[in-house]
Each structure stands twice: as structure tokens, then as C-alpha cells.
Amino acid sequence: MDFKLTEEHLMIQKAARDFAQNELLPGVIERDEKQIFPTEQIKKMGELGFLGMMVDPKYGGSGLDAVSYVIAMEEISKIDASASVVMSVNNSLVCWGLETFGTEEQKQKYLTRLATGEIIGAFCLSEPEAGSDATSQKTTAIDKGDHYLLNGTKNWITNGSTADVYLVIAQTDIEKKHRGINALIVEKGMPGFEIGAKEQKLGIRGSDTHSLMFTDVKVPKENRIGEDGFGFKFAMKTLSGGRIGIASQALGIASGAYELALKYSQERKAFGTEIFNHQAIAFKLADMAVQIEAARHLCMKAAWDKDNHNNYDVSGAMAKLYASQVAMDTTIEAVQIHGGNGYVKEYHVERLMRDAKITQIYEGTSEIQKIVISRSLINK
């Protein structure tokens, strides 16, 4: 076991940290308040290789490992979770799904542009009645010979209006239940494809989250990913990697809040000394440091499993379950350490607290992660 980062990992960490501090931090409060998508910042992330980190260089990616991805996600998420969720969806769900299961034609047409950030993607699984119960797809893709006729609604879609490529999960044969589901590549602008109003959210307000409506959208057969009926398995396999990304986002939110709280405790005075010198504050920070380190190890273990071609369903679920709880606990304590200042926007921690909550919900709720983990215990 080697817990040291390689020179390459340290370089990636520094590059991500510098980008976050220099490009994301300026204006992050305004983007959150006004729900402004970080268009220019996302473009620069693409140029730096952060949107296709694990994609083979022959498809325009950086060709890095999952550990590098976790490292970069943590640094970006410390500053702007709205930017990091774009990075997570594009890397974990869209690029990985296409590279792993797509045809060569699909990779050449879509993956090369997604990996460089020329365009970004969206992953469309959730519906009004199919959130955690992903088997209950109401969106249909009826086989019409050379194309599918797509009808239905998708909810809570990250990159809903800014994406150009959408991976849509839909039911083709209802009698086969989850074995009758397909994954289709849908392009923005296809006739019958409409983007609904932007959601008004508690956190990650710079990210654009929309409902999507499909009315008799003709999707060419060549846009199906995998064999007929592979869609549900595709979604589940893709989400397992997505959980590593969201676990890393939660880790970054937690460590960002901790760093702000630690710095504040060394500057703020009460009762004649810096508040860090009061045991009540020092013990809070000690607990935060331990929990963050444990969450980081879980994230790295899941990434290591992925890099070494081990099954990472359980390690990814564990990382997401724990890191998202740490994000909530740490950000709440960070606000408490800041006192009244923690409740106002300029100190950043209130935003991190709002951003933290979503990590317990998307890419599978905490309850779903417990199902994944508990089933693995029974099946050992």
C-alpha cells in the first residue's frame, strides 16, 4: 500500500487548485446568487483537459487515471460545486459511458468533442415518477425499424440547457421491464425535443437543471448504445462511476469548508484570544479533519478499484454515502465556527452548506447507497 501521490498527481492537484482559485473563485458568489452558468470557466476547463480526464488521448482526452480525477474534483469542488458537477457529469456519465459502450462511429462523432469541452453532455435517467426507482421508466422509445420514436419527460437534468448531447434512458418493450430499456444519444435541436424551465434550487445554483420533454423525437438506430435492451445495465454501470465523482465533489465541499473555518478560527478573536484556542472550536476542527481524511481515503479506494479493474460498485457507494454525510456535517460546523459571519454570503461557507445537500441525493440517494452496500453484505 502506498499512500503517496505521484509527481503527476501532485501536478494535477496544483493545476486544479490554481484554476479554482484564479478562475472560479472570482465571481462565484454572484454566479450562485444570480444562477449564472459558468460558461467561460467551463470552456477553460475543457481546454485544460478537465472535461475528458479519463478518455483515451486518441479521442481527445487526457488519458489519466481515476485517482487523478478524484484529486481534481476535490480541488474544483472546494471553490465551485456548480462547476464541478458539470465536470462530473461530462467525465463520469457521458464520456465514460460512450467510450466504454459506444460504437467507434459514436466515439468519433461525439466523444472527441465532449472530451475536449467543445461541447458538453447530459445524462437523462430521472423522471417525475422514476427517481430512485429507475426501473419504472415512463419515457418510451418505440422501435420503428431504422429509428426510435421517443416520447416522455426527464426531470432534474444537469446541463439541461447547455448540453449538446444527451444520453436518454427509455423503455422500448414494457413487457420485458428493465430488460426492455435502451440508451439513446439525442442531439439538441432534434425536432420534438424541448427544454423546460430552469429549476430554482437550494444549492449548486450556477448549474443549469431542467426538465426535458420529448414528443415524437426520431432518434436514428445508430444512436442506440449497446445491444437492444442494454439501457438499464448501461445506466447502472455508468452511475457506479458517477458516484465516485459525486463522492469527490462532496469531499471537496467538506475540505473547502474546513479550510475556511480553520483560517477563520486563527484570525477571529473572542475572550482575548483567537477562537482556535478555545477547546470548543479546536475539537470541532479536529473532528472535521478526521472525517474528511476518512472520506478522502474512501474516495481514493473507489478510484483505485476502478483503475485496477476491480468491481467498484460497493466502494463507490461507500465513498458517496460517507463523503456526502461528511459534507453536510462539516459545512454546518463551518457555519457555526464563523458565527454570524457564517450566515452571510461573503464568507462562502453558507453556500457550501447549501451545495452539500445535493450530494446526498443525486447519482443515487444515500438510502440507495445503503441498499447497494447491504445487498453486498448478504451476497458475500
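A quick note: this is a predicted structure, and the numbers were derived from the prediction, not measured.

Rules used throughout
Residues numbered from 1 in each chain as written. Predicted model: local features only at pLDDT ≥ 70, side-chain atom pairs only at ≥ 80, totals over all residues. Heavy atoms only, no water. Phe/Tyr/Trp six-rings, centres within 6.5 Å; stacked < 30°, edge-to-face > 60°. Helix = DSSP H or I, 4+ residues; strand = E, 2+ residues; numbered from the N terminus. Buried < 20%, exposed > 50% of the residue type's maximum accessible area, 1.4 Å probe, protein only. UniProt positions renumbered as here; feature names shortened; annotations may be inferred. Expected span 1.5 Å × (residues − 1). Arc of directions from axis to C-beta. Contact = heavy atoms within 4.5 Å.

Undergrad: I keep staring at the packing of aromatic side chains and nothing clicks. Help me out?
TA: Any pair of aromatic rings gets described here by the distance separating the centres and the angle formed by the planes. Under the counting rule described, the total for this entry stands at nine aromatic pairs. On the basis of an interplanar angle of 90° and a centroid distance of 4.9 Å, the ring pair of Tyr166 and Phe193 is categorised as edge-to-face. In this pair, Tyr166 is assigned in strand β4 (residues 165-171) and Phe193 in strand β6 (residues 193-198), connecting sequence segments 27 residues apart. No difference in accessibility class separates Tyr166 from Phe193, as the two residues are buried. Centroid distance Tyr264 to Tyr347: 6.0 Å. Interplanar angle 90°. Geometry classified as edge-to-face. Remark: Tyr347 occurs in the loop between α9 (313-338) and α10 (349-357) and Tyr264 occurs in helix α7 (residues 231-267); sequence separation between them is 83 residues. Under the relative-accessibility criterion, Tyr264 is labelled buried at 8%.

Undergrad: Would you explain the UniProt feature "domain: Acyl-CoA dehydrogenase/oxidase N-terminal" (unreviewed entry) in the protein chain in this entry?
TA: In the numbering used here, UniProt assigns the "domain: Acyl-CoA dehydrogenase/oxidase N-terminal" (unreviewed entry) feature to residues 6-118. Between the first and last C-alpha atoms of residues 6-118 the distance is 30 Å; the span itself is 72% helix and 0% strand.

Undergrad: Explain helix α1 (residues 7-24) to me, please; I cannot follow it from the model alone.
TA: For an α-helix the count is 3.6 residues per turn, leaving residues at separations of three or four pointing the same way. Taking 1.5 Å of rise per residue, the 18 residues of α1 would be expected to cover 26 Å, and the 25 Å separating its terminal C-alpha atoms lies within 8% of that figure. Along α1, the positions that sit buried rather than exposed are His9, Ile12, Gln13, Ala16, Phe19, Ala20 and Leu24. On an axial view of α1, the arc spanned by its buried residues comes to 135°, and they lie on one face. Exposed side of α1, more than 90 degrees from the buried face: Glu7, Met11, Lys14 and Asn22 are the residues found there. Looking at the buried residues of α1, the elements they touch are α2 (28-34), α3 (39-47), α4 (66-79) and α5 (81-101).

Undergrad: Please explain α10 as it appears in this structure.
TA: Of all nine residues in α10, seven are buried, a share of seventy percent or more. Residues of α10 that are buried include every one of Val349, Glu350, Arg351, Leu352, Arg354, Asp355 and Ala356, and no others. Buried residues belonging to α10 abut α2, α4, α5, α7 and α9.

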